Amino acid sequence: EGPGTLFVHYGEEHWNDADGLTLLPKIVEESGRYKPELVTMSGDKDNDGTVEQLSRWKQIMSPYDRLGVPVYPAVGNHDRKSPPGLPPGTAGLLTPGVQGELANYKQVFADRPYPFGDAAPYAGAGFSQRTRPADDPAGASSHYFVDYESVRVIFLDNSCWGLADCDASQTPAFPDSQGNRGQLEYLVRNGAEATRAGKQVFVVMHMPTRDPRDQSYIDATTFNHVMGKGLNPTQAPDNAGFEQAAEQAGVDGVLVGHIKGQFVYKGRGGVPYY
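Residues numbered from 1 in each chain as written. Predicted model: local features only at pLDDT ≥ 70, side-chain atom pairs only at ≥ 80, totals over all residues. Heavy atoms only, no water.

Participant: When you look at the pairing of strand 1 (residues 7-10) in this model, what are you seeing that I'm missing?
Facilitator: Side chains on a regular strand alternate between the two faces of the sheet. Residues Val8 and Tyr10 of strand 1 are buried on one face, while the alternating residues Phe7 and His9, pointing to the opposite face, are not. For strand 1 and strand 2 (residues 38-41), the ladder comprises four bridges, and the chain directions are parallel. Bridge assignment links Tyr10 to a residue of strand 2, and that residue is Met41. (Buried < 20%, exposed > 50% of the residue type's maximum accessible area, 1.4 Å probe, protein only. Helix = DSSP H or I, 4+ residues; strand = E, 2+ residues; numbered from the N terminus. Pairing = 2+ DSSP bridges.)

Participant: What is the right way to look at the packing of aromatic side chains in this model?
Facilitator: Each pair of aromatic rings is reported with the distance of its centres and the angle of its planes. This model, assessed by the stated rule, comprises 16 aromatic pairs. Taking the centre distance of 6.4 Å and the plane angle of 85° together, the rings of Phe7 and Tyr148 count as edge-to-face. On the criterion of sequence distance, the pair formed by Phe7 in strand 1 and Tyr148 in strand 4 (residues 144-148) is long-range, its members being 141 residues apart. The class of Tyr148 is buried, set by a relative accessible area of 6%. Residues Tyr105 and Phe116 carry aromatic rings whose centres are separated by 6.2 Å and whose planes lie at 65° to one another, so their mutual orientation is edge-to-face. Taken together, the residues span a long stretch of sequence, with Tyr105 in helix 3 (residues 103-108) and Phe116 in the loop between helix 3 and strand 4 at a distance of 11 residues. (Phe/Tyr/Trp six-rings, centres within 6.5 Å; stacked < 30°, edge-to-face > 60°.)

Participant: For this particular structure, what's the right way to read the pattern of salt bridges?
Facilitator: Working definition: two side chains of opposite charge can pair if their charged atoms are close together. Counted by the stated rule, this structure contains 15 salt bridges. Arg152 serves as the salt-bridge partner of Glu193, at 2.7 Å between the closest nitrogen and oxygen. In this pair, Glu193 is assigned in helix 5 (residues 183-196) and Arg152 in strand 5 (residues 151-155), connecting sequence segments 41 residues apart. Glu193 gets classed as partly exposed once you look at its relative accessible area, which sits at 39%. (Salt bridge = Lys/Arg side-chain N within 4 Å of Asp/Glu carboxyl O.)

Participant: Before we go on, may I ask you to explain the side chain of Arg80 in this structure?
Facilitator: Structurally, the position occupied by Arg80 is in the loop between strand 3 (71-73) and helix 3. Of the residues examined, Arg80 reaches a relative accessible area of 2% and is grouped as buried. Looking at Arg80, its side chain comes within polar contact range of the side chain of Ser169, at 3.2 Å. (Polar contact = N/O pair within 3.5 Å; in protein donor to acceptor, adjacent residues only side chain to side chain.)

Participant: Would you take a moment to explain the packing of helix 5 against helix 6 (residues 237-249) for this structure?
Facilitator: Each pair of packed helices can be summarised by the angle the axes make with each other and by the distance between the axes. As a packed pair, helix 5 and helix 6 sit with axes 8 Å apart at the nearest point and diverge in direction by 20°. Comparing their axes, helix 6 and helix 5 come out roughly parallel. The two elements helix 5 and helix 6 meet at a crossing, and its hand is right-handed. Packed against helix 5, whose contacting residues are Leu184, Leu187, Val188, Gly191, Ala192 and Thr195, the element helix 6 presents Gly241, Phe242, Ala245, Ala246, Gln248 and Ala249 at the interface. In terms of residue class, the contact of helix 5 with helix 6 is built from eight nonpolar, four polar and no charged. (Axes fitted to C-alpha atoms, helices over the stretch in contact; angles between N-to-C directions. Parallel < 35°, antiparallel > 145°, perpendicular 65-115°, else oblique. Left-handed = near helix turned anticlockwise from the far one by under 90°. Contact = heavy atoms within 4.5 Å. Nonpolar A, V, L, I, M, F, W, Y, C, P; charged D, E, K, R; others polar.)

And the structure:
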C-alpha cells in the first residue's frame, strides 16, 4: 500500500525437488495475494527440461494468470534438456561445445505473452506496448526485455554455463535485427538506451558472476557456483565481460539464481547482484 511499484522475484523453483511441491505452490499463492505488477524468475524451473516437467511448472504458475499477474522467466541450466547419458543440468559444463536442447522450452512456452512467447502481450497500462515483429521466430524467446512504467528488465540466457556459449543457440538468433552479435551487445545496446531515457534497468539471468559464500564451508560439488564454475577457462571471461557490459549499460541491479540461498554482492561499478 506504500509508494512505488511492487515486483516479485525468485528462482530455483525446482518443483520436482523433494520439497518442491510443498513449497512452490505456497510461494505462488502467497506472492499472488499482493498483486505484484510483475513476477520475474531467474531459472531452474524443473530438473531436466522435458515437456512434462516444464508443463507441470507452467501449471503450478497458473494462479498468476487467473490473478492477472504478468510472469516473465529466464532460462536455467536445468531448463534445457540434457543429451542422453548426461546428468541433468550439466550439458555445457561437462561437455563444452555440446549444449542442452531448448526445443521443449520453446514449444511449451510458445503460448505465453510476447516478448517471452508468441501470444499477444500483456495489456496493462504500465506496459510499453510492443508489436511482435514479423520476423520474430516461432516459439518462446530465450532472451528478451520488458518495459514497465519507468523500468526495463532485460532477460539473458547463460544456462549453457556461459553467455558466449549460449549465443549460438538463442531465440531470436544472432546476429539480430539490431545488429547485435551476442547477448553482451544486446545488453549494452538495450540497457544503455533505457538508461538514457531515464529508466531503471534490471537484468535477470540464472548464473551469477561471483560466489559470495565462504567456500570452505561448501560441498565440493557447489564450489564457485558461477558461470563456467571455474572449470573451463574459455568460459571464465564471461564473468568479467558481463560485469563490464552491465556497468557500461547503466544497469541498476542484477537478479540471479543458481546459488541456493540469499546473497547480495557488488560487482564492477558498484552494481548490486541479488
